[in-house]
Every structure is written in structure tokens, then in C-alpha cells.
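# Examining the three-dimensional arrangement
Here are the chains, one letter per residue:
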Amino acid sequence: MKAVPAARYLASIFLVAAFAFVSPTSPAVAQKPGGSITVGLEFEIPGFDPLKVGVFDTSTEIAAAPIFDTLTYLDDRREVQPKLALSWTHSDDFKTWTFKLRPGVKFHDGTPFNAQAVKENFDRQKDPANKCRCAFYIAYIHDVQAPDELTVVYNMNDPTVNQPALLTIQSVYNVIQSPTAWKTKGDDYNRNPVGTGPYILKSWIAGDRMVLGKSPDYWNKGHPYLDRVILKPLPDAQSRFASLQSGEADIVWDDEADADNIQKAQKDPKLAVHSYAGSGAAVYAFNTKMAPFDDVRVRQALVMALDRKKWSQAVTNGLARPASNPYGDGSWVKCKDDGALPEDVEKAKALIKDYGKPVDFKMLVTATPRGRTNGQVLQQFWKRVGANMEIEQVDQATIPPRAFMRQFQLTPWRIIDLADPDPQMYANFHTGSPVALANYSDPELDRLLEHARTTADMDKRIEDYCAISRLINKEAIWFWTFQNTYYAISSAKLKGLPKIYHGVIDVSDVWME
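Residues numbered from 1 in each chain as written. Predicted model: local features only at pLDDT ≥ 70, side-chain atom pairs only at ≥ 80, totals over all residues. Heavy atoms only, no water.

## Brief notes about the packing of helix H13 (residues 422-429) against helix H15 (residues 458-475)
Cut-off, in case you're wondering: Axes, fitted as lines to C-alpha atoms, cover a helix only where it is in contact. Angles between the N-to-C directions of the axes lie from 0 to 180 degrees. Numbering of helices and strands runs from the N terminus, with a helix taken as a DSSP run of H or I at least four residues long and a strand as a DSSP run of E at least two residues long. It is the rotation of the near helix from the far one that decides the hand of a crossing: anticlockwise by less than a right angle makes it left-handed, clockwise makes it right-handed. Contact between two residues is taken to exist if any of their heavy atoms lie within 4.5 Å; hydrogens are not considered. Three residue categories are used. Nonpolar comprises Ala, Val, Leu, Ile, Met, Phe, Trp, Tyr, Cys and Pro, charged comprises Asp, Glu, Lys and Arg, and polar comprises the others, including Gly.
Here H13 crosses H15 at 35 degrees, and the two axes come no closer than 13 Å. At the point where H13 passes H15, the crossing takes the left-handed sense. Contacts between H13 and H15 involve Asp-422, Met-425 and Phe-429 on the former and, on the latter, Arg-461, Tyr-465, Ile-468 and Ile-472. Residue composition of the contact of H13 with H15, by class: five nonpolar, no polar and two charged.

## Things to note about the environment of Asn-325
Definition in use: Counted as a polar contact is a pair of N or O atoms within 3.5 Å, where, for protein atoms, one must be capable of donating a hydrogen and the other of accepting one, and residues adjacent in sequence contribute only when both atoms are in side chains.
Position of Asn-325 relative to the elements: it lies in the loop between helix H9 (308-316) and helix H10 (345-355). Sequence separation between Asn-325 and Leu-364 is 39 residues; the distance between their C-alpha atoms is 22 Å. In this structure, Asn-325 is in contact with Ala-281, Asp-338, Ser-469 and Trp-480, ignoring residues within four places of it in sequence. At 3.1 Å, the side chain of Asn-325 forms a polar contact with the backbone nitrogen of Gly-328. Only 3.0 Å separates the side chain of Asn-325 from the side chain of Asp-338, close enough to count as a polar contact.

## Digging into the pairing of strand S10 (residues 209-214)
Inclusion rule: At least two bridges found by DSSP between two strands are what make those strands a pair.
Of the pairings in the sheet, the one linking strand S9 (residues 199-205) to S10 comprises six bridges and is antiparallel in character. Across the sheet, Leu-201 pairs through a bridge with Leu-212, a residue of S10. Taking the residues between adjacent antiparallel strands as the criterion, S9 and S10 are bridged by three residues, where Gly-207 takes a positive phi near 80 degrees. Bridge count for S10 against strand S11 (residues 228-233) is four bridges, and the pairing is antiparallel. What sits directly across from Leu-212, in S11, is Val-229.

## Observations concerning the environment of Asp-255
We count it as follows: Summary of the burial criterion: residues with accessible area below 20% of their type's maximum are buried, those above 50% are exposed, and those between are partly exposed, where the area comes from a 1.4 Å probe applied to protein chains only.
You can see Asp-255 is positioned in the loop between strand S12 (251-254) and helix H7 (259-266). Residue classification places Asp-255 among the buried positions, given a relative accessible area of 13%. For the pair Asp-255 and Gly-503, spaced 248 residues apart in sequence, the C-alpha separation works out to 9.7 Å. The residues touching Asp-255, leaving out its near neighbours within four places in the chain, are Ile-262, Arg-370 and Tyr-487.

## Observations regarding the packing of aromatic side chains
Basically, it comes down to this: Only Phe, Tyr and Trp rings take part, Trp by its six-membered ring, and two of them pair if their centres are within 6.5 Å. Stacked means planes under 30 degrees apart, edge-to-face means over 60, and tilted covers everything else.
The full count for this structure, using the stated rule, is 27 aromatic pairs. Geometrically, the ring pair formed by Tyr-284 and Trp-311 is tilted, given 6.3 Å between the ring centres and 40 degrees between the ring planes. Of this pair, Tyr-284 sits in strand S13 (residues 271-286) while Trp-311 is found in helix H9, placing the two residues 27 residues apart along the sequence. On the accessibility criterion, Tyr-284 (8% relative accessible area) is buried. Three or more aromatic residues joined by ring pairs make a cluster, and in this case those are Tyr-284, Phe-286, Phe-293, Trp-311, Phe-361, Phe-381, Trp-382, Phe-479 and Phe-482.

## Comments concerning the state of the cysteines
How we decide: In what follows, a disulfide is any cysteine sulfur pair within 2.5 Å.
Enumeration according to the criterion identifies two disulfides in this entry. Each disulfide pairs two cysteine sulfurs, and for Cys-132 the partner residue is Cys-134, the sulfurs being separated by 2.0 Å. Taking the sign of the S-S torsion, about 125 degrees here, the bridge from Cys-132 to Cys-134 comes out right-handed. The disulfide bridge from Cys-335 ends at Cys-466, spanning 2.1 Å between sulfur atoms.

## As for the pairing of S12
Each regular strand carries side chains that alternate between the two faces of the sheet. By the alternation rule, side chains of S12 split into Ile-251 and Trp-253 and Val-252 and Asp-254, which are all buried. Two strands pair when backbone bridges link them, and strand S2 (residues 36-41) and S12 are joined in this way by two bridges, in the parallel orientation. In the sheet register, Val-39 faces S12, and the bridge partner there is Ile-251. The pairing of S12 with strand S17 (residues 478-491) spans four bridges and is classified as antiparallel. Of the residues in S17, the one forming a bridge with Val-252 is Ile-489.

Below you can see the structure in the form of C-alpha cells.
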């Protein structure tokens, strides 16, 4: 077995990300204990039980970060560091990863954190009888074993060169939950989560607020700094920003669709804008089993009708960076040729004419100003090439189940910022995946996806992922809109916020100056 230093792990696999971050005005700011903060989220949190929610959205991951711990985390240099795991080793073929765990840690309910708890979290999600949508995201792991109390062994189906990095995000399949809690609470566990994190759930009023209190027994002595964290769903962007200006909130989630407020905050000395340019992209998926998208000519025509620069200007004052592949500038996958279809209105018109039938369809959008604006922009782009799109406005929470059940013709989606493209690319595009939304199957695409996850040769992996991009772009089964840039706006007094990896505003260790 080969040992891997915790502080420096396979640097070549990490995203070479350009990022901007507002740091404290002084490089040495004393951490001030006590007090509380309020966090403004985009959406209500549906719960934390993997079997109930399937996957965590960004708002849930923001709430999960203070309640739960992961085995590892990424520091501000994007290097993997120990958290609940102290060290790790891998076999020569990268098919076995062994993690040594931190001793003396307990869940908030007093249950010991140990290797068996890690194994039970994995087994519960992987068990076919539980029918968890999360299972496909961990399908690359064959099994997890607990040979002793503080040793966890991950046996992979294929070589996996980046397992410690993949365990860093606060996703439904990475946070470690108390087995005792889900067994004793049953259906009630979804709204009564128990982790090992720095904060404990104190109260939760649906649609109003979740209150977290400082854990007196947190394993990382001297942390956290705050006594209380309040999480409030504020779906309206203007309301979120107003709550920040009034002092009702101390930090709020934001994105480029709220460009006016981001630009206002950048000029306000009382506020700080935090941003991180990650990998991935905002995307749309065609259902290729439903007309008119069962014809590649229609799909190609709609993609070629897009003017992403005009679109960015219309909805984000030009902040959003156009995407031509699923990886983005923040990824280590760099393609000389990603196969992007050109913007070509005349070619798009010709493809529609060649199709020979009316192109009429519905597109799901969120029932928000942002959703409606995006829908209207796309309507205009497609109208000019002879395609008629009807906007179908739905609640944000409706989109994932509609997408998973394939009850759509065209749906918005997102490829999120991860340390490696494999989990999402395999889940989104491999035949048989419950989240392969396009309903598209291609043996060559499957072969490339399988090879990309089974070789430890980084150059070959990049070749595979670029070939995957070319194939998806050519067939136009999904199209990419803008690269991921994640934003938070806070009071200038809030200090200690780490990089917004994966879009997660992690307030676990912040303090107020």
C-alpha cells in the first residue's frame, strides 16, 4: 500500500481554478468567539435523510456543512486535508483505499463515530431495497469494510485515483450521519438530523428558520466560534439582499442572475462579495425520446440558435461566462477541441426546414423572475429560427422529480463543481443511469465514460473527457449555457469564510468581527 501525505495529494487532479475572494482587510484578524449569524438561503430545506430526499440541493448542503462532518475537506489551495479521517493509503492499482479515522469523536446523540458508522452510512444508501437515487453516485464503490474500529476500507470497482478528493463535498453521500438516530427516529429522522459537526439542530420551523446551536463537545477544541447559526429560506433575491442591507441577515447566497445586487455590494464598504469560479456549468437536457427532440436536427438547430454573450448580458449584466463543454475553465480537463456547435442562425433555420414538421415544445423553468427571464430569452432565440417554445413555470422543488421521471421535453439542470468530473458525467450520460435525463444511449459514449473512470493515466482521462464532450455536443443531447461561478454576499464584519467550493457557503468556522 502507498501512503499519501494528507497535505499534498495528487495535485494534478485538482481543478486549476481562477477565483476571487474577499479576504479580511488585515491578514491577522483575531477570531472572536460568541454571537450568532443569520444565513439567507435560496430555498427551503426538504430534509437530510438520503432515502427521503435522494440528493442534497445547494441550500441543504449549506445547512449540512455545520451539522455534519466529512472524512476529508479541501483547503483554500484546493488540497485535500484530514477531517474525520486522519490519513489514507491506496493500493498500487488504486482499487483499494484505506482510511484511518480520528479517535474519540461522538455524534451529537452520544453514539461513537467509528468505521462501522461510515460503513452503515454507505450500505444504507447502496442497498437496492432502499431505492435511493443517491445510489448511482456511489455505484463506482464496490463495498466499504470496517476491519477495526478506526479503519475504513473502500473497495472500488475500478481504479479510482482521486477518492480522498471526492469525499470532501457536503453531499448526501459524503456527510456522516448517526446510524442510531435514523434507526430510532424512523421517518422523523429527515427533519431531525444528527451528525458530528460543530453545530447541533435546536429547532426547525418549516418555511421560516432552522436554528443551530454550538456543540459543547465538538472534537475540534476551540471551535466553532459562534454560539448560534440561523438558516432562513429567502427565495426572492431582492428580499435576500434587503435582509442583508437591514442587518436581518449576515450572509446570503446569490448568483449571477442577481447581478445588480452583486455590483451594488461591491461598491458598499459595509458589505463583502465572495466569489469562486468552479468547474461545471448550468445546462439544459433534451428528452430525446419525445418529439421533436427525438430528431438530432432539431436539437442541433436549437443549440446553434443560441447567442450566449447576448444571453449573459440580458440576464447577468455580462457576468456569466459562456460554456461550450461540461467542464469549464475551473476544471483540470482542458480540451483543444470540445466539439462545440457554432452559433449559426442560417444553419439552424436550414436544419428546422429539413426536419419538415412544426417544432413546438414546452420547456420547464422555475417560477421565479430568473426562470422567466431565461425562458423569454430562449423563446426569442428559437423563434428567429422557426421553433416555438412554450414556457412551463413550476416550483423549483418540482424540477428534480419531474426530471427523474422524464416528465419533460426540455429541462434546466446543473453540473456542479466537483474535484473530478467522473461521478456526474457517468451518472448523467451512461446507459441505465436513473439521472441520465436525455434518455440517450450510445455504446461509444458508454465506453468512453467507463474508460475515463478506470484508467489512472491523467492524460488519457483528459482525452476521454474531451471525446465525450465532442460526442455530446455533436448529438446535442444536452447543451451548456454558462460556467459555474458561485457567489455569497456578507456583512464586511463576517470573517473566516472558506472558498465556496461546490457552491456551498460553509459557515461552520466563521466569526463576526
